[in-house]
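# Inside the fold
Residue strings, one per chain:
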Amino acid sequence: MEPIHIIGAGLAGSEAAWQIARAGVPVVLHEMRPQVATFAHRTGDCAEMVCSNSFRSDDDRMNAVGQLHWEMRAAGGLIMAMAARHRLPAGGALAVDRDAFSAAVTQALLDEPLVSFASGEIRDLPAEGRWIVATGPLTSEALGRSILAATGEGALAFFDAIAPIVHAETIDMSVCWRQSRYDKGETEAERTAYINCPMTRADYEGFIDALLAADKTEFHEGETAGYFDGCLPIEVMAERGRETLRHGPMKPVGLTNAHNPAEKPYAVVQLRRDNALGTLYNIVGFQTKMKYGAQTDVFHRIPGLQNASFARLGGIHRNTFLNSPRLIDDRLRLRARPNLRFAGQVTGVEGYVESAAMGLLAGRMAAAEALGRDLAPPPPTTSLGALVNHITGGADAKTFQPMNVNFGLYPPLDAIRGGRKGRKDRYPAYTDRAKADFQQWLAEQS
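About the thresholds
- Residues numbered from 1 in each chain as written.
- Predicted model: local features only at pLDDT ≥ 70, side-chain atom pairs only at ≥ 80, totals over all residues.
- Heavy atoms only, no water.
- Phe/Tyr/Trp six-rings, centres within 6.5 Å; stacked < 30°, edge-to-face > 60°.
- Helix = DSSP H or I, 4+ residues; strand = E, 2+ residues; numbered from the N terminus.
- Buried < 20%, exposed > 50% of the residue type's maximum accessible area, 1.4 Å probe, protein only.
- Lys NZ or Arg CZ within 6 Å of the ring centre and 35° of its normal.
- Expected span 1.5 Å × (residues − 1).
- Disulfide = S-S within 2.5 Å.
- Pairing = 2+ DSSP bridges.
- Contact = heavy atoms within 4.5 Å.
- Axes fitted to C-alpha atoms, helices over the stretch in contact; angles between N-to-C directions.
- Parallel < 35°, antiparallel > 145°, perpendicular 65-115°, else oblique.
- Nonpolar A, V, L, I, M, F, W, Y, C, P; charged D, E, K, R; others polar.

Going through the model one piece at a time under the given rule, you end up with 12 aromatic pairs. A ring pair is formed by Phe299 and Phe310, whose centres lie 6.1 Å apart and whose planes are at 45°; its orientation type is tilted. Here Phe299 is found in helix 9 (residues 292-299), whereas its partner Phe310 is found in strand 14 (residues 310-312), with 11 residues between them in sequence. Their ring planes at 80° and their centres at 5.2 Å tell us that Phe407 and Tyr410 sit as a pair that is edge-to-face. A relative accessible area of 9% means that Phe407 is categorised as buried. An aromatic cluster is present here, built from Phe207, Phe286, Phe299 and Phe310 joined pairwise through their rings. It is Lys435 that lies over the ring of Trp70; its NZ or CZ is 5.4 Å from the centre.

In this section: helix 11 (residues 352-370). For helix 11, with 19 residues, the first-to-last C-alpha span of 27 Å sits near the 27 Å given by 1.5 Å per residue. Burial within helix 11 is extensive, with 18 of its 19 residues counted as buried. Gly372 sits one or two residues past helix 11 and shows a positive phi near 85°.

Let us look at the state of the cysteines. Enumeration over the complete set of coordinates arrives at zero disulfides. Take Cys176: it sits in no disulfide, and the sulfur closest to it among the cysteines is that of Cys197, at 3.5 Å. Taking relative accessible area as the criterion, Cys176 reaches 1% and is therefore assigned buried.

Before going further, it helps to spend a moment on the sheet that holds strand 10 (residues 177-178). The sheet built from six strands is open, its strands ordered 10-11-12-13-9-14 with antiparallel pairing. The sheet terminates laterally at strand 10 and strand 14, the two strands that pair on one side only. Pairing analysis gives two bridges linking strand 10 to strand 11 (residues 194-199), with the strands arranged antiparallel. Looking at the pairing, Trp177 lines up with Asn196 of strand 11. Running at roughly 95° to strand 11, helix 7 (residues 201-213) makes contact with strand 11 and strand 12 (267-273) of the sheet.

What follows concerns the sheet that holds strand 5 (residues 93-96). Read across the open sheet, the three strands follow the order 3-5-4; overall the sheet is antiparallel. Looking at which strands have only one partner, the edges of the open sheet turn out to be strand 3 (54-57) and strand 4 (87-88). Of the pairings in the sheet, the one linking strand 3 to strand 5 comprises two bridges and is antiparallel in character. Looking at the pairing, Ser57 lines up with Ala93 of strand 5.

Take the environment of Gly77 next. Tracing the sequence through the fold places Gly77 in the loop between helix 2 (64-74) and helix 3 (78-85). Expressed as a C-alpha distance, the spacing of Gly77 and Gly359, which sit 282 residues apart in the sequence, is 9.8 Å. Dropping the residues within four chain positions of it, Gly77 is found in contact with Glu15, Trp18, Gln19, Met72 and Leu360.

What follows deals with the packing of helix 11 against helix 12 (residues 383-394). Helix-helix packing: each pair is described by the crossing angle between the helix axes and the interaxial distance. With their axes 11 Å apart at the nearest point, helix 11 and helix 12 run at an angle of 90° to one another. Judged by the angle between their axes, helix 11 and helix 12 are roughly perpendicular. Only Leu384, Leu387, Val388 and Ile391 of helix 12 make contact with helix 11, whose side of the interface consists of Glu354, Ala357, Met358, Leu360 and Leu361. Residues that form the contact of helix 11 with helix 12 fall into these classes: eight nonpolar, no polar and one charged.

The following block contains the structure:
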């Protein structure tokens, strides 16, 4: 049997290799490190964790990422198994001794007879054979150019400019209203596509003060703010003049407050629908380098968002990723080159766990194909299924940005009430449904 080839031995590539080998299919894992270094990695080991040492919440009852942990364990995932073996005390989070964890993943793959390693950089996308591209946010320049050639200019982003995303149910609609600027749109849905948060002059001045005073993160070596002329951080815009934001993303023109039509807002923060379900909204134009704690403090000052819950906070950083809703099918294949699958952060997921989960799914799908079968993704009622559904069609390709797994990606539960007070019942209902549906998906494969 011809082996499946994987480019990149990070979290996604390592998990994909493990899943392929456990299915009885040979696999070759290609890794350019340590021969070709990156500004973030220190070693040539597999699954090196370059930022945090945490896989975030391990609560599989009340948290969508904890549920994703559960699903990966149920699927025999290598990353979760090694994380459990090298776990450190971290409250409800799953944190690991990163060096011991990476060494253990590497050794497990070395010990697997069907996994072989090939060192050196892959500079071009292969035209033949079955390949999984799992090169992560630090894809090499040469391979990046090859991906651009295969997908088209503009289809591959080399930096995130991420605006925060809010759970729709936590927006105070007694303060906010739905309206597109100048009521543009041919349908009612288009004319009410945005949620608007009005600010008085005092609200705006206080917001600018908080924005300017907030703690910010610095760019890492190898990153540069010069790439972001078209999407400046909001704090940089504010530094250019106190009125800059009011004449930019916070301009109040073309909008009438439905709760008080006679009063013209001094500034308006707009939120735009971010997924097909309408459960998530992004804050338009609010990419930022503020630290996470500062972001929640500053954004809770916005009228209507004082009790908002964030599915994702904003950021700007190096992150090569595809416009997956346009380019990748639900089997994680590149539509233009179906011999190529993509996995990990390059698909437009955010976070260690999500990246590894995409590797798990890509590996299983590639192995199934090699064995003459077709493997459908898990149902969208599961964390893994909701995530792959989002990046391959649930998100809007025009505004696509990387996403963590969260309950906002799940299909709603009609029988459970919404709002902050309903979480105690709703979240366990989500995870109970997810566990049952994921177990059924696994059973159907066997």
